Amino acid sequence: SAASDVYKRQRQELADCHIHTGDYPKALEQYRLLRQEMDKKFKENPPKDLTEKQLKNFKNMIEACFLKEEFRIYLKMGDLPNIRKYNELIQQRYKDVDWNNLFNFFSEKEQEKLKEALNGHNFEDGFQLELIQGKYMTNPKAGIEAMEKYTIDVANSMDFSHVYKLKLFSELIRMLLAQSDSIAARYYLEYALQIVDSLEYNSIIFSQLGELSDYC
């Protein structure tokens with residue numbers, strides 16, 4: 001319902017505000033409340049046009065999204081036990097989702113809206129960064145190799161925004177510096193700055209440059 005959509009949006013905006021101010025426990029609380037609301041909604045008014053299998057698949061996808069947001073918060077906190085725990089949970093839930101048939105039960109009009117919103121991406125693309133970050137936590141070398149490949153693939157693609165490209169470069173540079181590989185970090189920093197230099201001023205993009213500035 002419209003009221004439920006507003007509730008979810010407000011909870012997510014509240015979580016973002018708490019993250020921005022560094023109040024991570026309150027941000028996590030918003031996702032606990034969102035889960036609670038979603039569970040209540042499914043129990044009280046389950047979608048009538050979904051089979052049990054489709055409903056389970058849809059719920060797995062929603063849970064994967066919640067886990068991803070919580071993983072990001074623990075990453076900002078530097079909470080290693082929960083970083084490892086939530087990465088394992090994401091990977092398990094990610095495997096549980098039948099991505100190929102996730103949206104088959106939507107109408108053609110709804111599927112067209114989703115395609116437009118995804119802008120040429122597959123829905124599961126939104127989990128790649130978190131999966132790589134989790135890999136890095138358990139195996140830094142393998143994580144950096146995966147991050148390098150993903151960052152270069154995205155940088156060479158026309159399907160991703162400049163904000164996302166710079167976000168990936170920033171994360172790759174962070175990983176490299178943490179492993180004392182300053183030569184590779186400088187190479188990718190210069191690559192990222194070439195992207196910045198090619199852009200006209202944009203407040204959304206330039207608001208992402210704090211970490212790159214620190215690395216300079």
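Residues numbered from 1 in each chain as written. Predicted model: local features only at pLDDT ≥ 70, side-chain atom pairs only at ≥ 80, totals over all residues. Heavy atoms only, no water.

The phi angle at S180 is positive, at roughly 65°, despite the residue not being glycine. Relative to the assigned elements, S180 resides in the loop between α8 (162–178) and α9 (182–197). The exposure class of S180 is exposed, given its relative accessible area of 65%. (Helix = DSSP H or I, 4+ residues; strand = E, 2+ residues; numbered from the N terminus. Buried < 20%, exposed > 50% of the residue type's maximum accessible area, 1.4 Å probe, protein only.)

A word on the confidence of the model for the protein. Looking at the protein as a whole, the pLDDT averages 83, with 87% of positions reaching at least 70. When mean pLDDT is taken per element in the protein, helix α7 (residues 140–155) scores highest with 95 and helix α10 (residues 203–206) scores lowest with 68. (pLDDT = per-residue confidence, 0-100.)

Bringing the pattern of salt bridges into the picture now. Overall, the coordinates contain 10 salt bridges when judged by the stated rule. Note that E70 is salt-bridged to R35, the shortest N-O span being 2.6 Å. With E70 in helix α3 (residues 52–77) and R35 in helix α2 (residues 24–44), this pair connects stretches of sequence that are 35 residues apart. As far as burial versus exposure is concerned, E70 and R35 are alike and both buried. With its nearest N and O atoms 2.8 Å apart, the salt bridge here joins R72 to E130. Residue R72 is found in helix α3, and its partner E130 is found in helix α6 (residues 128–138); the two are separated by 58 residues along the sequence. For R72, a relative accessible area of 27% corresponds to the partly exposed category. Overall, the relative accessible area of 2% leaves E130 in the buried class. Among the ionic contacts, a cluster of salt bridges with common partners joins R35, E63 and E70. (Salt bridge = Lys/Arg side-chain N within 4 Å of Asp/Glu carboxyl O.)

A word on the environment of C17. As for its placement among the helices and strands, C17 is situated in helix α1 (residues 2–20). Taking the C-alpha atoms as reference, C17 lies 7.9 Å from A27; in sequence the two are 10 residues apart.

Taking 1.5 Å of rise per residue, 26 residues should cover 38 Å, and α3 covers 37 Å from first to last C-alpha, within 8% of that figure. One or two positions beyond α3, positive phi appears at G78, with a value near 70°. (Expected span 1.5 Å × (residues − 1).)

Turning our attention to α9. For α9, which comprises 16 residues, the first-to-last C-alpha distance of 22 Å matches the rise-based estimate of 22 Å (1.5 Å per residue) to within 8%. Taken residue by residue, α9 has A184, A185, Y188, L189, A192, I195 and V196 as its buried positions. Each buried residue of α9 sits inside an arc of 135° when the element is viewed along its axis, so together they form one side. Seen from the open side of α9, the exposed residues pointing more than 90 degrees away from its buried face are I183, R186, Q194 and D197. (Arc of directions from axis to C-beta.)

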